[in-house]
Amino acid sequence: MSTSQPHDPVPAQTSPYPATRRGGTTASPALTPPAPVTPAPGGDTTRSADAPSADTRPAHPGGAATVPYAQAPAPRPAPFAPIGRIPVVEVTPVIEDGRWPVKGTEGESFPVRATVFREGHDAVAATAVLVAPDGTVHSSAPMYDIAPGLDRYEAWLTPDAPGAWGFRVEGWSDPYATWAHDATLKIDAGVDVDLMLTEGALLLERAAARDLPGDAARILADAVTALRDADRPAQARLAAGTGEEVRAVLAAHPVRELVSPSATYPVVVHRERALYGSWYEMFPRSEGAHQDPATGTWTSGTLRTAAERLPAIAGMGFDVVYLTPIHPIGLTNRKGRNNTLGAGPDDPGSPYGIGSPDGGHDAIHPDLGTFDDFDAFVARARELGMEVALDVALQASPDHPWVSEHPEWFTTRADGTIAYAENPPKKYQDIYPLNFDNDPEGIYAAVRDVLQVWVDHGVTAFRVDNPHTKPLNFWQRLLADFHERHPEVLFLAEAFTRPAMMRTLGAVGFHQSYTYFTWRTSKGEIGDYLTELAYSTDARVRPSFWPTTHDILTPYMQQGSTAAFAIRAVLAATSSPTWGIYSGYELVEHIARPGAEEQIDNEKYEYKERDWSRAESLGIAGLLRVLNTVRRAHPALQRLRNVTVHPTSDDAILCFSKRVEAAQSPTGLADTVIVVLNLDPYATRDGVVHLDLAALGLHHPGNDDVPVMAATDELGGETYFWGARPWVRLDPHGQVAHIVSVRAL
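Residues numbered from 1 in each chain as written. Predicted model: local features only at pLDDT ≥ 70, side-chain atom pairs only at ≥ 80, totals over all residues. Heavy atoms only, no water.

Chemist: When you look at the overall build of the chain in this model, what are you seeing that I'm missing?
Modeler: Summing up its helical and strand segments, the chain has 16 helices and 32 strands in all. A globule of 745 residues ought to have a C-alpha radius of gyration of about 27 Å, and the chain, at 30 Å, matches this closely. Counting only C-alpha atoms, the chain reaches 110 × 65 × 45 Å along its principal axes. The buried share of the chain, reckoned over its 745 residues, is 56%. When the accessible surface of the chain is split by element, carbon and sulfur atoms take 54% of a total near 29,500 Å². Charged side chains in the chain number 62 positive and 93 negative. The centres of these two groups are separated by 2 Å. (Helix = DSSP H or I, 4+ residues; strand = E, 2+ residues; numbered from the N terminus. Rg over C-alpha atoms; globule rule 2.2 N^0.38 Å. Buried < 20%, exposed > 50% of the residue type's maximum accessible area, 1.4 Å probe, protein only. Areas by Shrake-Rupley, 256 points an atom, 1.4 Å probe, with all protein chains shown as cover. Lys, Arg positive; Asp, Glu negative; His and termini not counted. Charge placed at Lys NZ, Arg CZ, Asp CG, Glu CD.)

What follows is the structure, given as structure tokens:
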């Protein structure tokens, strides 16, 4: 939102089509649809003859999205397909029946669920299968019944590299589970004893005849011998066929009959920075800006002076430095201080009023420097381990070259004037919104070429201003294009809008999204929202939590002062894998313009000269440093789909935990973090936390007061010995939170 109303370093890419530095109107080669995909081998060795092969290469996430608007066919429902012998239905995560891919991240596990059942009483089981971009089976995982009586199964899969992946669910008949169940009942009742033992021996003999590891084959062979030993009691023979060793072998190497696969559904897997990272927003013109005390005249900061701030930003642990627009700013209807209509001669204007005779979106404001200066800024950021993100605001000032060269790209009113942007009652006289219906192909080519200019100069992420005010088919096509040509480039949607639009922007290709986090302040609101993002919208939306932005300063932040800034920083940094702050957060800039939820003397309309020497004394800069250090140390805080909210006895004490299992952790070790936070910026709160020990990977000893964990506070360094009901006391002006790492006792 703006006046426009709203990891690792990656090498720069070479543009595959011509770039322009003025206007961005150079035509680009037509896009070539992805090559047709073909089935690939990789079936299960125990596939039944009546089970069709389903090992198909996942569809490329671009696909039909790259077709120009006029040629795009209307979507059609999936074609009829017969149900499998073992029904597999209600598969998730799936978007639009698989027409669009769900989101995945390299190294992050995601849950696969399906309803699997059959006629009669024979046992069924299910397997989740992960299909690599080349169409081969990467891995598989047994699915477990998570809702007994409802036939709902779940497993977790972990892609390990970016690309167009897929997954499917295979339902199958489990003859061993059927036999073990029936044999136990009948032999206990003395019914068909010899018959059941004979059938068990035949089944295990068939299982042992497969290509199995030596120990597994021996265990099954021994069980067959025991089942056929008529000199042994029936119960002993049964025990030999249903013992732990036999069950373990058949869990690892099941006998699968009537294997019935679902469709293979697409998963687009992005690099880790799409999920996890810490962003820092800055207006480069303010860094190094200064006012002559004698004349009052301002001198703008430059990209070179802005680069001098980078070591301090990197020192606080940030991974991405995000620049607001750096392009020429129009003079016509330029906004003055605090969004006033009359700009003074020294007012720099809003950087979102893009375009002047000096150029448009593919040019740099002369006050900031040149492309050589920008390249130096990017190089310095990379030296410090940071990527550079750039703001993209698709609109034009009245002085933008597009206005004179392509007036058809805008909306002409009945009086012949071009319509400026409005969000009644707000008016933005300094910008013209694009009309994507007048010349969609021309606008598409221009925007694509503009972005390519910045990618060529090392930008690896774009923060997109108000994408919800542009057509979704435009975004789907553009993002598919960039995914195919530059899969490392990320797009963050700044769309504070209705849930359906926010979710669908993610579904059509945006890697990350700003969220409603900024306005969620109560314990109940926050807990519900964390749960929603982790388990309801995770396949579509990767959240990015920002306590403030240059557009947003909520009443909570205005009134809570330093304590509120500390509370929201802890909450954002620990509850979302991606979070960010706006420059000046370290200085607790909390004074609002009267009647507005944004800062007074807003940096959008003027230079802001800051005294960074004050930052450490306020304590927030040090807190940010610690928070980013803790995030790097704990894989649990780098994941989205792993949150548990725990009840507390006080309405202002929030507790949640994040856990990653050893099998899903990049370190190979399980990691659990508990966050207990006082949400009240005014008063000390105390209370009891009711921990769900199972969610923490701990066993309940039968007594809530018995310590079961060593809880080491990452903020203060203390270690507590907690049971299931620890008591906490948190002071917003001192120890505002516990961020504890868990070690089982």
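Chemist: Would you mind showing me how to read the pairing of strand β25 (residues 643–646) here?
Modeler: Taken residue by residue, a regular strand's side chains alternate between the two faces of the sheet. The pairing of β25 with strand β26 (residues 653–660) spans 4 bridges and is classified as antiparallel. From the neighbouring strand, H646 faces β26, where its bridge partner is C655. Hairpin connection between β25 and β26: a loop of 6 residues separates the two successive antiparallel strands. (Pairing = 2+ DSSP bridges.)

Chemist: Whenever I open this one, the sheet that holds strand β3 (residues 110–116) confuses me. Can you help?
Modeler: Consider a sheet: its strands pair through backbone hydrogen bonds, and that pairing is either parallel or antiparallel. Strand order in the open sheet made by the 4 strands is β1-β3-β7-β6, with antiparallel pairing throughout. Pairing within the sheet leaves two strands with one partner each, and these edge strands are β1 (88–92) and β6 (144–147). Put simply, the sheet's adjacent strands are angled 35° from each other on average, direction ignored. Of the pairings in the sheet, the one linking β1 to β3 comprises 3 bridges and is antiparallel in character. Paired with V89 across the two strands is T115, which belongs to β3. (Axes fitted to C-alpha atoms, helices over the stretch in contact; angles between N-to-C directions.)

Chemist: What is the right way to look at the environment of T305 in this model?
Modeler: Among the secondary structure elements, T305 is positioned in helix α6 (residues 303–307). The partly exposed category is assigned to T305, whose relative accessible area is 23%. Ignoring sequence-local partners within four residues, the contact set of T305 consists of E287 and G288. Within the local environment of T305, its side chain forms a polar contact with the backbone oxygen of E287, the two atoms lying 2.6 Å apart. (Contact = heavy atoms within 4.5 Å. Polar contact = N/O pair within 3.5 Å; in protein donor to acceptor, adjacent residues only side chain to side chain.)

Chemist: Can you walk me through helix α11 (residues 472–485) in this structure?
Modeler: Over its 14 residues, α11 extends 20 Å from the first C-alpha to the last, a length consistent with the 20 Å expected when each residue adds 1.5 Å. Elements that come into contact with the buried residues of α11 comprise β10 (265–270), α10 (440–456), β20 (461–465), β21 (490–494) and α12 (499–507). (Expected span 1.5 Å × (residues − 1).)

Chemist: Help me understand the packing of helix α3 (residues 214–227) against helix α5 (residues 244–252), please; the structure alone is not making it clear to me.
Modeler: For any two helices packed against each other, the geometry is given by the interaxial angle and the distance between the axes. Between α3 and α5, the shortest axis-to-axis distance is 10 Å and the interhelical angle comes to 130°. By the angle between their axes, α3 is oblique relative to α5. For the pair α3 and α5, the sense of crossing is left-handed. Along its contact with α3, which presents A216, I219, L220 and A223, the element α5 presents E245, V246, V249 and L250. (Parallel < 35°, antiparallel > 145°, perpendicular 65-115°, else oblique. Left-handed = near helix turned anticlockwise from the far one by under 90°.)

Chemist: Looking at this structure, how should I read the nonpolar core?
Modeler: Nonpolar side chains in soluble globular proteins generally cluster together in the buried interior. Judged by nonpolar contacts, the single largest core of 106 residues is most densely connected at W454, F462 and W579. Counting residues per element, this core draws most heavily on helix α14 (residues 555–575), which supplies 11 residues. If sequence neighbours within four positions are ignored, F462 has contacts with L390, V392, L451, W454, V455, V489, L490, F491 and L492. Core analysis: the second largest hydrophobic core is formed by 28 residues, V91, A132, L258 and A539 among them. (Core = buried A, V, L, I, M, F, W, Y, C linked by side-chain atoms within 4.5 Å.)

Chemist: Looking at this structure, I do not really get the side chain of T178. What am I missing?
Modeler: Relative to the helices and strands, T178 is located in helix α1 (residues 175–189). Of the residues examined, T178 reaches a relative accessible area of 12% and is grouped as buried. Ignoring anything within four residues of it in the chain, the contact list for T178 reads D122 and A123.

Chemist: Just to check I follow, could you spell out unusual backbone geometry for this structure?
Modeler: Excluding glycine, residues mostly have negative phi values, and the peptide bonds linking residues are mostly trans. Residue P93 is reached from T92 by a cis peptide bond, and omega for that bond is 5°. Summarising the element assignment, P93 is placed in the loop between β1 and β2 (102–105). Of note in this structure, D192 is not a glycine but carries a positive phi near 50°. Mapped onto the elements of the fold, D192 is located in the loop between α1 and α2 (193–208).

Chemist: Hey, could you run me through the packing of aromatic side chains in this one?
Modeler: Per the counting criterion, the structure on display carries 27 aromatic pairs. Centroid distance W402 to W409: 5.5 Å. Interplanar angle 75°. Geometry classified as edge-to-face. On the numbers, 5.0 Å between centres and 65° between planes, the contact of F474 with W475 is edge-to-face. We note that F474, like W475, is buried. Here the aromatic residues W279, Y322, F496, Y514, W519 and W546 are joined through ring pairs into a cluster of three or more. For R477, the ring lying beneath its charged end belongs to Y444, and the centroid distance is 3.8 Å. Here R568 stacks its cationic end above the ring of Y556, 5.8 Å away from the centre of that ring. (Phe/Tyr/Trp six-rings, centres within 6.5 Å; stacked < 30°, edge-to-face > 60°. Lys NZ or Arg CZ within 6 Å of the ring centre and 35° of its normal.)

Chemist: I'm lost on the sheet that holds β25 in this one. Help?
Modeler: Taken in spatial order, the 6 strands line up as β25-β26-β27-β32-β29-β30 in an open sheet, and their pairing is antiparallel. Of all the strands in the sheet, just β25 and β30 (719–722) have a single pairing partner and so form its edges. Averaged over all pairs of adjacent strands, the angle between strand axes in this sheet comes to 25°, irrespective of strand direction. For strand β29 (residues 709–713) and β30, the ladder comprises 4 bridges, and the chain directions are antiparallel. Along β30, the bridge assignment pairs A711 with Y720. Of the strands in this sheet, β25 and β26 touch helix α13 (residues 523–535), which is tilted by about 160° from β25.

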